[in-house]
Amino acid sequence: MTDASLLYYTGRFVRTDLDCDGVSGTPDPASAPEAMLIEHGTIVAIGSRDEVPAPAAATHIDLGEGWVLPGLIEPHGHPSESASLMGNGVIDIRPVTLARADQVWDAIKIALAASPRPPRVVANGWDPLLQPGLTPPTLANLDALAGEVPLVIVHNSLHSAYFNTAAAREAGIDRNTPDPVGASFGRDSSGALTGLALEAAAVAQIVGPTLAAAEADMPRRLTTHLLELRRTRGITTIADLTWNHQLGQLATALAAAGSLPVRLRGYETSSPGATASVPLENGDAWYRQVGIKIWSDGSPWVGNIATSFPYLDTAATRALGFEHGHIGHANYTTEQLIEIGSQYAGEGWQFACHAHGDVAIDSTLDAYEALITKFGLHDHRFRIEHCGLMTPAQFERAARLGVAVSLFVDHITYWGDVIVDDLFGERGLAYADAGAAFAAGHRATFHNDGTVTPCEPLRNMAVAETRTSRTGRHLGGGSAVTRRDSLRAHTSNAAWQLRSEHEIGSLAPGLRADFAVIDVDPRSAAPEALAEARVLATAVDGQLDTASA
Ligand SMILES: [Zn+2]
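Presented here is a report on the structure given in the accompanying data block. Everything numeric here is computed off the predicted structure, so don't read it as measured data.

**A short note on the overall build of the protein chain**
Here's step 1: Within the protein chain, the secondary structure is distributed over 18 helices and 21 strands.
Here's step 2: What you see for the protein chain is a C-alpha radius of gyration of 23 Å, in line with the 24 Å of a compact globule of 549 residues.
Here's step 3: Projected onto the principal axes, the alpha-carbon positions of the protein chain cover approximately 80 × 55 × 45 Å.
Here's step 4: When the 549 residues of the protein chain are sorted by exposure, 60% land in the buried category.

**Section: the side chain of R467**
Here's step 1: For R467, the location among the structural elements is in the loop between α15 (457–466) and α16 (483–489).
Here's step 2: Of the buried charged residues, R467 lacks a salt bridge, with D433 as the closest side chain of opposite charge at 4.6 Å.
Here's step 3: Within polar-contact distance, the side chain of R467 engages the backbone oxygen of L429 at 3.1 Å.

**As for the sheet that holds strand β4 (residues 58–70)**
Here's step 1: Reading across from one edge, β3-β2-β1-β4-β19-β20-β21 is the order of the seven strands in this open sheet, with mixed pairing throughout. Among the strands making up the open sheet, the edge pair consists of β3 (42–47) and β21 (543–546). Adjacent strand axes in the sheet meet at a mean angle of 30° when their direction is disregarded.
Here's step 2: Of the strand pairs in this sheet, strand β1 (residues 3–13) and β4 are connected by seven bridges, and their pairing is parallel.

**Re the packing of helix α7 (residues 218–233) against helix α8 (residues 247–256)**
Here's step 1: The contact between α7 and α8 brings their axes to 11 Å, and the two run at 65°. By crossing handedness, the relation of α7 to α8 is classed as right-handed. Residues M218, P219, L222 and T223 of α7 form the contact with α8, whose participating residues are L247, L250 and L254.
Here's step 2: Partitioned by chemical class, the residues of the contact of α7 with α8 number six nonpolar, one polar and no charged.

**Digging into the coordination of the zinc ion**
Here's step 1: Those donors, H76 (NE2), H78 (NE2) and D449 (OD), are the protein atoms that reach the zinc ion, and they lie 2.0 to 2.1 Å from it.
Here's step 2: Read N to C, the donor residues that coordinate the zinc ion are spaced as H-x1-H-x370-D.

**Some points on the sheet that holds strand β7 (residues 121–126)**
Here's step 1: Pairing is mixed in the open sheet, where six strands are placed in the order β6-β7-β8-β9-β11-β10. One side of each edge strand has no neighbouring strand; the edge strands of this open sheet are β6 (90–92) and β10 (184–187). Averaged over all adjacent pairs, the angle separating strand axes in this sheet is 25°, with direction ignored.
Here's step 2: In this structure, strand β9 (residues 160–163) lies alongside strand β11 (residues 193–198), joined through three bridges in antiparallel fashion. What sits directly across from Y162, in β11, is L196.
Here's step 3: Running over the sheet, helix α3 (residues 139–146) touches β8 (151–155), β9 and β11 and is turned about 130° from β8.

**Focus: the packing of aromatic side chains**
Here's step 1: Counting across every chain of the model gives 15 aromatic pairs.
Here's step 2: Taking 5.5 Å as the distance between ring centres and 80° as the angle between the ring planes, the aromatic pair formed by W105 and W126 counts as edge-to-face. Of this pair, W105 sits in helix α2 (residues 101–112) while W126 sits in strand β7; the two residues are 21 residues apart in sequence, bridging distant segments of the chain.
Here's step 3: Among the residues examined, W126 registers a relative accessible area of 0% and is labelled buried.
Here's step 4: Cluster of aromatic residues (ring-pair linked, three or more members): W301, Y414, W415 and Y431.
Here's step 5: Above the ring of W286, the side-chain terminus of R263 is found at 4.9 Å from the ring centroid.
Here's step 6: One residue, R427, lies across the ring of F309, its end atom 3.9 Å from the ring centre.

**Details of the packing of helix α13 (residues 410–424) against α15**
Here's step 1: Where α13 meets α15, the closest approach of the two axes is 7 Å, and the angle between their N-to-C directions is 65°. Along its contact with α13, which presents D410, I412 and T413, the element α15 presents R459, N460 and V463.
Here's step 2: Residue classes in the contact of α13 with α15 are distributed as two nonpolar, two polar and two charged.

**So, the pairing of β4**
Here's step 1: Across four bridges, the pairing between β4 and strand β19 (residues 515–518) is antiparallel. Paired with L69 across the two strands is A516, which belongs to β19.

**Digging into the environment of F424**
Here's step 1: Locating F424 in the fold gives a position in helix α13.
Here's step 2: A relative accessible area of 4% means that F424 is categorised as buried.
Here's step 3: With 111 residues separating them along the chain, F424 and D313 place their C-alpha atoms 9.4 Å apart.

**As for the nonpolar core**
Most often, soluble globular proteins keep nonpolar side chains buried together rather than apart.
Here's step 1: With 65 residues, the main nonpolar core has F382, I384, V405, L407 and F446 as its most contacted residues.
Here's step 2: It is α13 that contributes the most residues to this core, eight residues altogether.
Here's step 3: When residues no more than four places from it in sequence are discounted, the contact partners of L407 are H386, C387, F395, A432, D433, A434, A437, A444, T445, F446 and H447.
Here's step 4: W67, W286, L458 and V540 belong to the second-largest nonpolar core, a separate cluster that totals 34 residues.

Rules behind the numbers
- Residues numbered from 1 in each chain as written.
- Predicted model: local features only at pLDDT ≥ 70, side-chain atom pairs only at ≥ 80, totals over all residues.
- Heavy atoms only, no water.
- Helix = DSSP H or I, 4+ residues; strand = E, 2+ residues; numbered from the N terminus.
- Rg over C-alpha atoms; globule rule 2.2 N^0.38 Å.
- Buried < 20%, exposed > 50% of the residue type's maximum accessible area, 1.4 Å probe, protein only.
- Lys, Arg positive; Asp, Glu negative; His and termini not counted.
- Salt bridge = Lys/Arg side-chain N within 4 Å of Asp/Glu carboxyl O.
- Polar contact = N/O pair within 3.5 Å; in protein donor to acceptor, adjacent residues only side chain to side chain.
- Pairing = 2+ DSSP bridges.
- Axes fitted to C-alpha atoms, helices over the stretch in contact; angles between N-to-C directions.
- Left-handed = near helix turned anticlockwise from the far one by under 90°.
- Contact = heavy atoms within 4.5 Å.
- Nonpolar A, V, L, I, M, F, W, Y, C, P; charged D, E, K, R; others polar.
- Donors = N, O, S within 2.8 Å, 3.2 Å for Na, K, Ca; no water.
- Phe/Tyr/Trp six-rings, centres within 6.5 Å; stacked < 30°, edge-to-face > 60°.
- Lys NZ or Arg CZ within 6 Å of the ring centre and 35° of its normal.
- Core = buried A, V, L, I, M, F, W, Y, C linked by side-chain atoms within 4.5 Å.

What follows is the structure, encoded as structure tokens:
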């Protein structure tokens, strides 16, 4: 008789939480634990076959030649937004899908010409820096193109969108619509809309009808998206950094029915004057809201990150419409950040603040320091997200304040050349300096940011080590990350940032049995091999799901 609550796995396990596992030294295949016993989804024992009991009642599962890592954690994703904006009528024009400007316009025109006439056309992924030749369209351009069909073109960063008159009408936006706090609609000298939505709150308003249309289908969309991440990427937990608390009910119901594919951690979008929609103590190991999200500045690719220095004057920045000496500005003053932060921080909520430019990062750290002092906070784990142009001194200050950092290192893969040649010159060579973060003592993490780049934690680890773009450009101004640190960025460090280290993040007794099986030894594989490694199987709570299933 086997006992379904008891699982005995054999294979080659990699404990990224320990120094003695070879991760920090010369890997010895024989040093990897070779057995793991799981009871009711929790790891009971892990070690050599001699050390781990093998109860006759347990189901024995052999993981064969694969290498077993702790389940990979995406600490900054947007799965609900991705479920709404990927497929199902939304045109995918992302630079990872379409490389050229003419392909982008062709895709939009084909969608508009569909028969029967589409209720609306939303294209997601505009990026003139990686799709050279795209120039900012005006409201009149898009009216001429789409006529009465609402048309919205969303920038790949999700920090801006272009729209026509029909789209504005459908979303209930006109010249009298006030700008949301921290965001704006483009207007001409007479106050008329120019067809530009800038920053998250304005973009959310203009794509509102699309999001509303997707909502009814959300259970299917969300589970399909999460299942793919689990099976093909080894993801076992993902944080949603534009979480809408109303989706909490759906997540709870899916978890109760046993059909939530991965664990979810939500960060509710902050807004001026608001308080958290749920109590601080909420949810369980499958789903809970853990924090609050705010955006200190915008996207490097849109031109609205707050820096102390100007963008370069290049053909690329001129095509984006930047004047000579263009400098971006923050969405909020430090005082506004403190005011919004105070609405939540006093209750003990963790903040995750988007900040790329050095000025935005200073302002965010100033605001965090003020909140820490004002509320006497300890172990707040306030986060800074992306950290594009964060300096070593800023990483050190953040570490002293107990502020955590999550870096978008995959920007180097796709935009590495653009960062240096087109936007920031020498300064760009130190972009997303994960090495400086670890040197400052951070438990840093990496992420792919929802639809912005494909969710590829193993590729993130590799690029943090090599700092090399997809064309082979090396960004040598920042420092490389060790394999031990890169593995921890998507496992134990991510668990800690999500306040979940008591549940997940390591292969250790007492934690939930979440793991990913890959086809290379993650301790010794070359970065390029790690980036291309195949996920063979993934387990959440010990329940195994193979990539081909
Ligand atoms: Zn994000």
